[in-house]
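# Summary of structural features
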Amino acid sequence: MRGMHQDPIEVADDRIDGPHGPVPIRRYRPRDRSAGKGSPTLVWVHGGGFFRGDLDLPESHAVARALAERGLPVVTVDYRLGPLPGLPWLGRGGPRGRRRAPHARDEIVAALRHLQDEAPAGLLGGASAGACLAASAVATAPPLVGLVLTYGFFHARLPRDPAVRRLVRGHRRLTHAPLLLDLNNRAYAGGRPAAVHPASDDLGGFPRTLLIDAERDVMRASGERFANELEAADVEVERHVLPGSRHAFLNRPGTRDFDDTIERVAEWADRTPIR
């Protein structure tokens, strides 16, 4: 029809076989094949505290579209969510049900292995809980050329930083209180902390890593410590803290922090050597 423009991004839903049943994924790639030619595919994992979120969450869909518009092919993973905090008996039914660790990590690794036949040695990344899951997946994932971690929480116990805590405003002063975050992580990880948080003494196999944290976010203390641990393991690390930013800024498309992060990730991916 005259006046209508074709969407420059191809978006397609798919399912792959996983160790715990089928796993929904969504593929994003430039319709102009030359735009993404030579770029590694990024497998991207949304956040949501391990117990909420899906492929339509802005932190998943908007991020993937924005990166694909910059020539980076992206695949998002609808991993198995965990039980509701404090209400583990709710939500066990339904089409997929809820499961504690390591189901989510296993399904992310399954997506990476499935895609390996299409584009070996890709990128993996995520936001918040998705960043934690991405980091934990490295140990059992196929070879990766890079890891992107945005405002994640990488330790079973949140490092305490009173100066960072004082910067937090609004409802997150309560929901992101260090004690509550610790309890939520233990509830999801159960007896499998490595399924959520990578061991600090086992980071030598990590690929080059980009970390982007929010200044007004208690999780920033974990991001800083994790960056130091990666550097101590001789991993190439690039880290940015966005001034004035708050947790979950990738759920707010069109903001300065969202756009800044998309540009940083796309530019960093362009500099990633493909083996």
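Right above here is the structure, for reference.
Residues numbered from 1 in each chain as written. Predicted model: local features only at pLDDT ≥ 70, side-chain atom pairs only at ≥ 80, totals over all residues. Heavy atoms only, no water.

## So, the overall build of the chain
- Of regular secondary structure, the chain possesses 8 helices and 8 strands.
- Here the analysis covers contacts within the chain between residues at least 6 apart in sequence; of these, 71% occur between residues at least 24 apart.
- Only carbon and sulfur atoms are counted for the fraction: they give 52% of the accessible area of the chain, which is about 12600 Å². (Helix = DSSP H or I, 4+ residues; strand = E, 2+ residues; numbered from the N terminus. Contact = heavy atoms within 4.5 Å. Areas by Shrake-Rupley, 256 points an atom, 1.4 Å probe, with all protein chains shown as cover.)

## Remarks on the environment of Phe 258
- Take Phe 258: it is sitting in helix α8 (residues 256-270).
- Classification of Phe 258 as buried rests on a relative accessible area of 5%.
- Beyond its immediate chain neighbours, meaning those up to four positions away, Phe 258 contacts Ala 62, Val 63, Ala 66, Phe 249, Leu 250, Arg 252 and Pro 253. (Buried < 20%, exposed > 50% of the residue type's maximum accessible area, 1.4 Å probe, protein only.)

## Brief notes about the pairing of strand β4 (residues 74-77)
- Here β4 shows a buried face lined by Val 74 and Thr 76 and a second buried face lined by Val 75 and Val 77.
- Pairing analysis gives 4 bridges linking strand β2 (residues 21-30) to β4, with the strands arranged antiparallel. Within β4, the position partnered with Tyr 28 by the bridge is Val 74.
- Handedness of the crossover is the feature at issue here: the chain leaves strand β3 (residues 42-45), passes through helix α1 (residues 61-69), returns alongside β4, and the resulting connection is right-handed. (Pairing = 2+ DSSP bridges. Right-handed = clockwise from strand over helix to strand, strands pointing away.)

## As for the side chain of His 103
- Tracing the backbone through its elements, the reader meets His 103 in helix α2 (residues 103-116).
- Owing to a relative accessible area of 17%, His 103 belongs among the buried residues under this scheme.
- Here His 103 is in contact with His 20 and Arg 80, once residues within four sequence places are set aside.

## Structural notes on the nonpolar core
- Counting 49 residues, the largest nonpolar core has Val 77, Tyr 79, Ile 108, Leu 124, Leu 149, Phe 206 and Phe 226 as its most contacted members.
- At the level of elements, β2, β3, β4, α2, α3 (129-137), β6 (144-150), α6 (178-189) and α7 (220-232) are the ones that each hand at least two residues to this core.
- Each residue touching Phe 226, except ones within four places of it in the same chain, is listed here: Ala 135, Leu 149, Phe 154, His 155, Pro 198, Leu 203, Phe 206 and Leu 211. (Core = buried A, V, L, I, M, F, W, Y, C linked by side-chain atoms within 4.5 Å.)

## Thoughts on the environment of Gly 146
- Turning to its location among the elements, Gly 146 is positioned in strand β6.
- The class of Gly 146 is buried, set by a relative accessible area of 0%.
- Sequence spacing of Gly 146 and Thr 272 is 126 residues, and the spatial spacing of their C-alpha atoms is 7.1 Å.
- When sequence neighbours within four positions are dropped, the list of residues in contact with Gly 146 reads Gly 122, Leu 123, Leu 124, Pro 207, Arg 208 and Trp 268.

## Structural notes on the sheet that holds strand β5 (residues 122-127)
- Here we have 8 strands laid out as an open sheet, ordered β1-β2-β4-β3-β5-β6-β7-β8, and mixed in their pairing. Edge positions in the sheet fall to β1 (9-18) and β8 (237-246), since each of these pairs with one other strand and no more. Taken pair by pair, the neighbouring strands of this sheet meet at an average axis angle of 20°, ignoring direction.
- Pairing analysis gives 4 bridges linking β3 to β5, with the strands arranged parallel. Within β5, the residue paired with Val 43 across the bridge is Leu 124.
- On top of the sheet, α1 reaches β1, β2, β3 and β4; it is set at about 40° to β2, its chief contact.
- α7 rests against β6, β7 (209-216) and β8 of the sheet, and its axis sits at about 155° to β7. (Axes fitted to C-alpha atoms, helices over the stretch in contact; angles between N-to-C directions.)

## Topic: the pairing of β7
- Taken across its 8 residues, β7 has 6 buried, putting it largely inside the fold.
- Judged from the 4 bridges that link them, β6 and β7 form a sheet pairing that is parallel. Looking across to β7, one finds that Leu 149 is bridged to Leu 211.
- With 7 bridges joining them, β7 and β8 adopt parallel strand pairing. Looking across to β8, one finds that Ile 212 is bridged to His 240.
- In this fold, the crossover linking β7 to β8 by way of α7 has right-handed handedness.

## Notes on the pattern of salt bridges
- Tallying each qualifying case throughout the model produces 17 salt bridges.
- For the salt bridge of Glu 69 with Arg 65, the shortest nitrogen-to-oxygen distance reads 3.7 Å. Residue Glu 69 and its partner Arg 65 are located together in helix α1, separated by 4 residues, close to a single helical turn.
- Close ionic contact of Asp 257 with Arg 256 constitutes a salt bridge, the shortest N to O distance being 3.3 Å.
- Of the residues examined, Arg 256 reaches a relative accessible area of 58% and is grouped as exposed.
- By sharing partners, the salt bridges in this structure join Asp 7, Arg 65 and Glu 69 into a single network. (Salt bridge = Lys/Arg side-chain N within 4 Å of Asp/Glu carboxyl O.)

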